[in-house]
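# Survey of secondary and tertiary structure
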Amino acid sequence: AQRVTQPEKLLSVFKGAPVELKCNYSYSGSPELFWYVQYSRQRLQLLLRHISRESIKGFTADLNKGETSFHLKKPFAQEEDSAMYYCALSTDSWGKLQFGAGTQVVVTP
Amino acid sequence: GAVVSQHPSRVICKSGTSVKIECRSLDFQATTMFWYRQFPKQSLMLMATSNEGSKATYEQGVEKDKFLINHASLTLSTLTVTSAHPEDSSFYICSARDSGQHTGELFFGEGSRLTVL
């Protein structure tokens, strides 16, 4: 069965410090992984997808098939990064997503 | 960018009544939309996949007679919670994929908070 695990419910970091959000997945096929972000009082929006291999707002995520992980990283956290982050796994061509439990990131000055 | 709009954003109803929530893609066509449910401080749980012109596909454990989904056009899907009860109170979120794009990105609505008294 497919599963997405985000072990940290809350991450509190200081501004300027590195931040890493962990995501592990379980899927027997070829996964398509995403990071979605939800800022306070806003809707969920796409942050990163592993296929594009790009950096958005300073965040990067590398798919490690050996470790079945897709951790999200940013070297220097900013206060505006405070949000809820969801790792998501897509297992079909229609885009159906399975979400992890989410990690709340709080960046303090 | 693509916008998905949900209506109403908040609804309060009495137990036993039915409530309809609309999900519209405003500037793109969506042959497929998804309905999620989110409990407080929990993740999004996929309820069903809504396909334009055909029956919705429900996830295991989701009662299709309880949560009626209709996707009559390429820009509108509706979720009707029938004979609502207090345990149906939740945040319902829809998402849609742009049929004309192949990026895999889903666009989310702002959510609809249902409170059943």
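Refer to the structure presented above.
Structure report, in brief.

### Let's talk about the overall build of chain A
The helix and strand tally for chain A stands at zero helices and eleven strands. Element order for chain A, N to C, with α for helix and β for strand: β-β-β-β-β-β-β-β-β-β-β. Taken over the C-alpha trace, chain A has a radius of gyration of 13 Å; the compact-globule value for 109 residues is 13 Å, and the two agree within 12%. Dimensions along the principal axes, computed over C-alpha positions, put chain A at roughly 40 × 30 × 25 Å. The 109 residues of chain A split such that 44% are buried. The long-range share in chain A, meaning contacts at least 24 apart out of those at least 6 apart in sequence, stands at 57%. Element-wise, carbon and sulfur atoms account for 50% of the exposed surface of chain A, whose accessible area totals about 5700 Å². The average position of the 13 basic charges and that of the 10 acidic charges among the side chains of chain A differ by 4 Å.

### Here we look at the overall build of chain B
Broken down by element type, chain B carries zero helices and eleven strands. Taken against the 2.2 N^0.38 rule, which gives 13 Å for 117 residues, the C-alpha radius of gyration of chain B at 13 Å falls within 12% of a compact globule. With respect to the principal axes defined by its C-alpha atoms, chain B has extents near 40 × 25 × 20 Å. The proportion of buried residues among the 117 residues of chain B is 51%. Only carbon and sulfur atoms are counted for the fraction: they give 51% of the accessible area of chain B, which is about 5800 Å². Side-chain charges in chain B split into 11 positive and 11 negative, and the spacing between the mean points of these groups amounts to 7 Å.

### Structural notes on the sheet that holds strand 7 (residues 60–61) of chain A
All names here are of chain A. An order of 3-8-7 is seen for the three strands of this open sheet, with the pairing classed as antiparallel. Of all the strands in the sheet, just strand 3 (19–21) and strand 7 have a single pairing partner and so form its edges. Across two bridges, the pairing between strand 7 and strand 8 (residues 72–74) is antiparallel. Looking across to strand 8, one finds that A61 is bridged to L72.

### Quick notes on the state of the cysteines
Taken as a whole and judged by the stated rule, the model has two disulfides over all chains. Here C23 of chain A is linked by a disulfide to C87 of chain A, with a sulfur-sulfur distance of 2.0 Å. Between C23 of chain A and C87 of chain A, the disulfide has an S-S torsion of -65 degrees and is therefore left-handed. In this pair, C23 of chain A sits in the loop between strand 3 and strand 4 (24–26) while C87 of chain A sits in strand 9 (residues 83–90), placing the two residues 64 residues apart along the sequence. For C87 of chain A, a relative accessible area of 0% corresponds to the buried category. Free of any disulfide, C13 of chain B has its nearest neighbouring cysteine sulfur in C94 of chain B, separated by 18 Å.

### Some details on unusual backbone geometry
The step from H7 of chain B to P8 of chain B runs through a cis peptide bond, and the omega angle for that step is 0 degrees. Mapped onto the fold, P8 of chain B is located in the loop between strand 1 (4–7) and strand 2 (10–13). Positive phi outside glycine occurs at R41 of chain A, with the angle close to 65 degrees. Structurally, the position occupied by R41 of chain A is in the loop between strand 5 (32–38) and strand 6 (45–49). For K57 of chain A, which is not glycine, the phi dihedral falls at a positive 55 degrees. Structurally, K57 of chain A is set in the loop between strand 6 and strand 7.

### Observations concerning the pattern of salt bridges
Taken as a whole and assessed by the stated rule, the structure comprises seven salt bridges over all chains. In this structure, the salt-bridge partner of E110 of chain B is R43 of chain A, at a minimum N-O distance of 3.7 Å. With E110 of chain B in the loop between strand 10 (106–108) and strand 11 (112–116) and R43 of chain A in the loop between strand 5 and strand 6, this residue pair bridges two chains. Look at the salt bridges and you will find they share partners, linking E20, K22 and K73 of chain A into a network.

### A look at the interface of chain B and chain A
Taken together, the 20 residues of chain B in the interface contact 16 residues of chain A. Around 1500 Å² of area is buried between chain B and chain A when both sides are counted, 51% of it from carbon and sulfur atoms. In this structure, K96 of chain A and E59 of chain B form a salt bridge, with 3.2 Å as the shortest nitrogen-oxygen distance. At the junction of chain B with chain A, the criterion picks out seven residue pairs in polar contact (both at pLDDT 80 or more).

Thresholds, definitions, all that
Residues numbered from 1 in each chain as written. Chains lettered and ligands numbered in written order. Predicted model: local features only at pLDDT ≥ 70, side-chain atom pairs only at ≥ 80, totals over all residues. Heavy atoms only, no water. Helix = DSSP H or I, 4+ residues; strand = E, 2+ residues; numbered from the N terminus. Rg over C-alpha atoms; globule rule 2.2 N^0.38 Å. Buried < 20%, exposed > 50% of the residue type's maximum accessible area, 1.4 Å probe, protein only. Contact = heavy atoms within 4.5 Å. Areas by Shrake-Rupley, 256 points an atom, 1.4 Å probe, with all protein chains shown as cover. Lys, Arg positive; Asp, Glu negative; His and termini not counted. Charge placed at Lys NZ, Arg CZ, Asp CG, Glu CD. Pairing = 2+ DSSP bridges. Disulfide = S-S within 2.5 Å. Salt bridge = Lys/Arg side-chain N within 4 Å of Asp/Glu carboxyl O. Buried area = accessible area lost by both parts, 1.4 Å probe. Polar contact = N/O pair within 3.5 Å; in protein donor to acceptor, adjacent residues only side chain to side chain.

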